[in-house]
Amino acid sequence: MIQVENLHFSYTKVPFIQNMNFAVHSGEIFGFLGPSGAGKSTVQKILTGLIGTYQGNVLVQNREVKHPHKDFYETIGVDFEFPSLYEKLTARENLRFFASLYKKTLPLEPLLESVGLASEADKKVAEYSKGMKSRLNFIKSLVHEPQLLFLDEPTSGLDPSNARLVKDLILEQKAKGRTIILTTHNMFDATELCDRVAFIVDGSIRALDSPRNLIMKRGAHQISYTYQSEGLEHQRNVGLSTTADDMMLQMLIKENHLLSIHSSEPNLNDIFSELTGRRLQ
Amino acid sequence: MKALVQSFFMVFRQVRKDSMLIMVCFASVLAGLFFRFAIPRLETLLCTYFMKSSILEPHYRLFDLVLNLLAPYMLCFAASMVMLDEYDQNMTRYLSVTPLKKSGYIVSHLVIPAVLSTVVSMILVVAFHLTVWSFLDLVAVSIVSLLSAFSVALFIFTFSHNKLEGMAMAKLSGCILLGLPVPFFVQAELQYLFFAFPSFWIAKFSKEGHVVFFLVAFILSLAYIPPFLHKVERKIV
Ligand SMILES: Nc1ncnc2c1ncn2[C@@H]1O[C@H](COP(=O)(O)OP(=O)(O)OP(=O)(O)O)[C@@H](O)[C@H]1O
Ligand SMILES: [Mg+2]
């Protein structure tokens, strides 16, 4: 779906995006994870044909995106990090206008309903809250049923229940076979949604794999358990792969004396800091 | 094509919602009315008072020229205000990743309004002229007005970050009109100090009738466009 080879780009004379290489397969959710200013949005702008002054090869749907044809835009949907809506128009007027730019579009009413905006559709966007704008902006990218979706922080600024709603809609798109490029600095979202994630820092990719593999590769699965002895509560840790060697654990299990036991995996945030020396947020 | 038309209507819709821009669009009509009906009366008054046979009349051509440039200038200014407004709302970027693309955005927001404004300005001259125009002269002058106004709009859009700055830029760019009176008032050699103004050459063409002056005006006004266009393209990311 997307092939990027030796991508270099900068807004200024100072090098920024450097030697980026990756491929996105059809039907997957591919995540960009990185701290603010890493270049996530910049890469999306390149992939969507907005910045044509890059060096290297960027093939999207097997075609270089330096000078995309207008049909290319019939097949991609973009949700930028900042809402782009006509403030003086209502939500419905906005959607109707954007839909009018495409050859084929979905009915608007179900779209509005899917993000809970149907009853507010005739309000001016200027009167919308941040989260409402964000949801409207999201469905705006779906009006023409694009095969390829670029979502830049689609859940930022949403309360947990609306974030859930949007995440479910993203998964629904994936179930329909769409390919999705997702940018976020929320590692929980990335872990949950993405088939693969690229860690991006200072304009280059530091790691690229499925969230599960990234976590597993660290091999740091631990079991920690607690028990009581001489009136005090004790805690011990043991590697998941060496539980058989832990005599204390064996004994506690045999005697039914365990107070608690759980395994703990490092999360993407830990992996990210380990690999890049930077925090995500 | 469909996207272009829709996007152009959207410009229209936004102008309609902004009373300042509506005023801007009608300003050239008001100017036309004023030139046509007030100026000749003023001339009669002045002539009787100062007991001369003509005062303003030798410069009537200048009024027509101003009128011809005014409509494209005003309408392109309105278009660039709409563009700045859209830039503020991240719309320019978004529309560039729809089938409209960057090029369609510029065509629907600037080229179409500029061409329409030129038609308007030709109608205004036909309706409110003070001097006699041949059709070819009118077309020639209108083309240069069109190109100048187009580069003014590009200039305003590139060098301002919001509508407020845009208005300041518009005042600055009002100096494109400066070249017009030069051939009428400034003595021979000094005139050429204004060589960089397409409006100077077109006024000279209109007054003296040499095709060379038209060609210079045409090429010059065309030459301003590519660098500004490039900047506009770089601004939309
Ligand atoms: N139009 C522009 N002109 C010049 N520099 C820019 C432009 N847009 C972004 N930058 C710079 O490029 C760098 C990366 O920006 P980018 O928006 O790609 O980061 P990001 O990873 O998306 O960050 P965030 O998580 O905050 O959205 C920043 O240093 C930013 O200042
Ligand atoms: Mg970003």
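So, here is what we can say about the structure in this document. Keep in mind the model is a prediction, meaning the values are calculated, not measured.

## A few points about the overall build of chain A
1) Next: Along the backbone of chain A there are 10 helices and 13 strands.
2) Next: Relative to its 281 residues, chain A shows a buried fraction of 51%.
3) Next: Put simply, of all contacts in chain A between residues at least 6 apart along the chain, 65% involve residues at least 24 apart.
4) Next: Put simply, chain A shows about 13100 Å² of open surface, and 50% of that area lies on carbon and sulfur atoms.
5) Next: Separation of charge centres in chain A, based on 31 positive and 33 negative side chains, amounts to 7 Å.

## A few points about the sheet that holds strand 8 (residues 179–184) of chain A
Residues and elements named next belong to chain A.
1) Next: Overall, mixed pairing links the 6 strands, which are arranged 6-7-8-3-9-10 in an open sheet. What marks the edges here is a single partner per strand, and that holds for strand 6 (76–79) and strand 10 (204–209). Taking each pair of neighbouring strands and ignoring which way they run, the sheet shows an average axis angle of 15°.
2) Next: With 4 bridges joining them, strand 3 (residues 29–33) and strand 9 (residues 196–201) adopt parallel strand pairing. Of the residues in strand 9, the one forming a bridge with F30 is R196.
3) Next: In the packing of helix 10 (residues 268–276) onto the sheet, contacts are made with strand 3, strand 9 and strand 10, and the angle to strand 9 comes to roughly 45°.

## Comments concerning the sheet that holds strand 13 (residues 258–264) of chain A
Residues and elements named next belong to chain A.
1) Next: In spatial order, the strands read 12-11-13; together these 3 strands make up an open sheet with antiparallel pairing. Bordering the open sheet on either side are strand 12 (232–239) and strand 13, each of which pairs with just one other strand. Put simply, the sheet's adjacent strands are angled 20° from each other on average, direction ignored.

## Brief notes about the coordination of the magnesium ion (ligand 2)
1) Next: Each protein donor to the magnesium ion (ligand 2) is listed here as S41(A) (OG) and E81(A) (OE); together their distances run 2.0 to 2.6 Å. With a gap of 40 residues between them, S41(A) in helix 1 (residues 40–47) and E81(A) in the loop between strand 6 and helix 3 (91–99) connect regions that are remote in the sequence.

## Concerning the interface of chain A and chain B
1) Next: Taken together, the contacts link 29 residues of chain A with 24 residues of chain B.
2) Next: Summed over both partners, the interface of chain A with chain B buries about 2700 Å², with 64% contributed by carbon and sulfur atoms.
3) Next: It is L50(A), Y86(A) and L101(A) that lose the most area in chain A upon contact with chain B, and together they represent 24% of the buried surface on that side.
4) Next: Counting every contact that joins chain A to chain B gives 1 salt bridge.
5) Next: Note that E93(A) and R13(B) form a salt bridge whose closest N and O atoms lie 3.9 Å from each other.
6) Next: Across the contact surface, chain A and chain B share 7 residue pairs in polar contact (both at pLDDT 80 or more).

Scoring rules and cut-offs
Starting afresh in each chain, residues are numbered from 1 along the sequence in its written order. The lettering of chains begins at A and the numbering of ligands begins at 1, in the order of writing. With the structure being a predicted model, the display of local features is reserved for residues of pLDDT at least 70 and the display and counting of side-chain atom pairs for 80 or more, all residues being used for whole-chain, interface and lining totals. Calculated side-chain values reflect all of the structure's heavy atoms, with hydrogen atoms and water omitted. Secondary structure follows DSSP: runs of H or I at least 4 residues long count as helices, runs of E at least 2 residues long count as strands, and numbering of each begins at the N terminus. The buried label applies to any residue whose accessible area, calculated with a 1.4 Å probe on protein chains only, is under 20% of its type's maximum; exposed applies above 50%, and partly exposed to all values in between. Only heavy atoms matter for contacts: two residues are in contact if any of them lie within 4.5 Å across the pair. Areas reported as accessible are Shrake-Rupley estimates using a 1.4 Å probe. Residue values count occlusion only from the protein chains shown. Just so you know, the count uses Lys and Arg for positive and Asp and Glu for negative, and it drops His and the chain ends. The location of each charge is read from NZ of Lys, CZ of Arg, CG of Asp or CD of Glu. Being paired, for any two strands, means DSSP has found at least two bridges between them. Throughout, an axis means a line fitted to C-alpha atoms (over the contacting stretch in the case of helices), and angles, computed between N-to-C directions, take values from 0 to 180 degrees. Donors, by definition, are the N, O and S atoms found within 2.8 Å of a metal, the threshold being 3.2 Å for Na, K and Ca, and water is not counted, so a site can look incomplete. Buried area, as used here, totals the accessible surface that two parts lose on assembly, with accessibility defined by a 1.4 Å probe and the loss added over both. Basic side-chain nitrogens of Lys or Arg form a salt bridge, by our definition, when they fall within 4 Å of a carboxyl oxygen of Asp or Glu. Any pair of N or O atoms that falls within 3.5 Å is considered a polar contact. Within protein, one atom must be able to donate a hydrogen and the other to accept it, and sequence-neighbouring residues count only if both atoms are side-chain atoms.

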